[in-house]
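Fold and contact review
Listed here are the chains, written in short residue letters.
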Amino acid sequence: EKDIQRRKAGHYDYRPPWTFVPSGLLIVQSRSGYGPKVQDGKRKGVEELLNTLLIRIATEGAESLRRREEREIKAAEYERKYETWKILKERQEAEQAALTALEDEAKRWERAERIRGFLRAMADAADSSEQARAEKSARIDWGHAKANWLDPLVNRRDDILDTPLEKPSEFF
């Protein structure tokens, strides 16, 4: 009656999802009702089945331990495979980076060779005046210096192109 009055007054009313109705049966369960259980029966009471319950609990405990050990073994195996994969992946990435660097050097060498070929053709071309020959000779010398700077096999320094530049700060 008090519950009805409280509900009418708008108060919270907790009603558990179960009801306790005496049935005369005694049931013993483990693991919150999900494990082995024994209950009173017509032929045997719970007292006579307690040994069976303990055996079931011990068997389930041993099985649970076996499953946990299997999971630990599988986790260790996965960890070993993952570490092996990681090492191989790093090795593969390093190999790919080395190949990319080699391709870049080959492209630089091709550029240098193309420039040298152009400079040879330029040197073979006829000049009309002494001043044009001097300018062409200076340009050919300059071109050879840049080709040598590009060529990874020669790898010469260039005072202008190798000088690091820092942009001045806008703040005083």
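Only a predicted model underlies this, so the values are computations on that prediction, with no experimental measurement involved. (Residues numbered from 1 in each chain as written. Predicted model: local features only at pLDDT ≥ 70, side-chain atom pairs only at ≥ 80, totals over all residues. Heavy atoms only, no water.)

Considering the overall build of the chain
Put simply, the test is: The secondary structure listing takes helices from DSSP runs of H or I that are at least 4 residues long and strands from runs of E that are at least 2 residues long, numbered from the N terminus. Using C-alpha atoms as the atom set, the radius of gyration is obtained and then compared with a globule rule of 2.2 Å times the number of residues to the power 0.38. Accessibility here uses a 1.4 Å probe with only protein chains present; expressed as a share of the type maximum, an area under 20% marks a residue as buried, one over 50% as exposed, and anything in between as partly exposed. Note on contacts: a residue pair is in contact if any heavy atoms of the two residues lie within 4.5 Å. Areas reported here follow the Shrake-Rupley algorithm with a probe of radius 1.4 Å; residue values treat only the protein chains shown as occluding. For the charge count, each Lys or Arg is scored as positive and each Asp or Glu as negative, with His and the chain ends excluded. For this purpose, a charge sits on NZ of Lys, CZ of Arg, CG of Asp or CD of Glu.
Helices and strands together make up the secondary structure of the chain, namely three helices and two strands. Reading the secondary structure of the chain in the N-to-C direction produces α-β-β-α-α. Taking 2.2 N^0.38 as the reference for a compact globule, 172 residues should give roughly 16 Å; the C-alpha atoms of the chain span a radius of gyration of 44 Å, well beyond that estimate. Scored against the burial criterion, the 172 residues of the chain give a buried share of 13%. Counting only contacts in the chain whose residues sit at least 6 apart along the sequence, the fraction spanning at least 24 positions is 35%. A total of about 15,500 Å² of accessible surface is found on the chain, and carbon and sulfur atoms cover 56% of it. Each charge class in the chain can be summarised by its mean position, and for the 34 positive and 33 negative side chains these summaries are 10 Å apart.

Focus: the confidence of the model for the chain
Rules: pLDDT measures the predictor's confidence residue by residue and takes values from 0 up to 100.
Residue-level pLDDT values for the chain average 86, and 91% of them are 70 or greater. Mean pLDDT values for the elements of the chain range from 70 in strand S1 (residues 27-29) up to 93 in helix H2 (residues 46-124).

Points about the side chain of arginine 116
Take arginine 116: it is sitting in helix H2. Not counting residues up to four positions away in its chain, the partners in contact with arginine 116 are His144, Ala147, Asn148, Asp151 and Val154.

Concerning the packing of H2 against helix H3 (residues 130-150)
Helix packing geometry: the angle between the two helix axes and the distance between the axes. Inclusion rule: Axis angles are defined between N-to-C directions and span 0 to 180 degrees, where every axis is a line fitted to C-alpha atoms and, for a helix, only to the segment in contact. Orientation categories follow fixed angle ranges, with anything under 35 degrees roughly parallel, anything over 145 roughly antiparallel, 65 to 115 roughly perpendicular, and all other angles oblique. Helix crossings are classified by the rotation of the near helix relative to the far one: an anticlockwise turn of less than a right angle makes the crossing left-handed, while a clockwise turn makes it right-handed.
Remark: H2 packs on H3, axes separated minimally by 8 Å, with the N-to-C direction vectors making an angle of 165 degrees. Judged on the interaxial angle alone, H3 and H2 are roughly antiparallel. Our pair here, H2 against H3, has a crossing hand that is left-handed. Along its contact with H2, which presents Arg108, Arg111, Ala112, Ile115, Arg116, Leu119, Met122 and Ala123, the element H3 presents Lys136, Arg139, Ile140, Gly143, His144, Ala147, Asn148, Trp149 and Leu150.

Digging into unusual backbone geometry
Unusually for a residue other than glycine, asparagine 155 sits at a positive phi of about 55 degrees. Since its relative accessible area comes to 54%, asparagine 155 is described here as exposed.

Details of the pattern of salt bridges
Heads up, the condition is: The working definition used for a salt bridge is a side-chain nitrogen of Lys or Arg within 4 Å of a carboxyl oxygen of Asp or Glu.
Taken as a whole, this structure holds ten salt bridges when the rule is applied. Among the ionic pairs, glutamate 63 bridges to arginine 66, the shortest N-O distance being 2.1 Å. Of the two residues, glutamate 63 and arginine 66 are both situated in helix H2; the distance of three residues between them amounts to about one turn of the helix. With relative accessibility at 30%, the residue glutamate 63 sits in the partly exposed group. With a closest N to O distance of 2.9 Å, arginine 116 and glutamate 113 form a salt bridge. Taken together, the positions of arginine 116 and glutamate 113, both in helix H2 and three residues apart, correspond to about one turn of that helix. Residue arginine 116 is classed as buried on the basis of its relative accessible area of 11%. A relative accessible area of 30% places glutamate 113 in the partly exposed class. Via salt bridges that share partners, Glu63, Arg66, Arg67 and Glu70 belong to a single interconnected network.

Quick word on a nonpolar patch on the surface
Rules: Within the patch definition used here, like charges are joined within 9 Å and nonpolar side chains (Val, Leu, Ile, Met, Phe, Trp, Tyr) within 5 Å, considering only residues with over 30% relative accessible area and no salt bridge.
The grouping of Tyr78, Tyr82 and Trp85 at the surface amounts to a nonpolar patch, some 360 Å² of accessible area in total. The exposed category is assigned to tyrosine 78, whose relative accessible area is 52%.

With respect to the packing of aromatic side chains
We count it as follows: Two aromatic rings from Phe, Tyr or Trp, using only the six-membered ring of Trp, form a pair when their centres are within 6.5 Å; if the ring planes differ by under 30 degrees the pair is stacked, by over 60 it is edge-to-face, and anything between is tilted.
Evaluated as defined, the whole model comprises two aromatic pairs. Measuring from centroid to centroid gives 6.0 Å for tyrosine 78 and tyrosine 82, while their planes differ by 25 degrees, and the two rings are stacked. You can see tyrosine 78 and its partner tyrosine 82 sitting in helix H2, four residues apart, about one turn around the helix. The structure contains a cluster of three or more aromatic residues connected by ring pairs, namely Tyr78, Tyr82 and Trp85.

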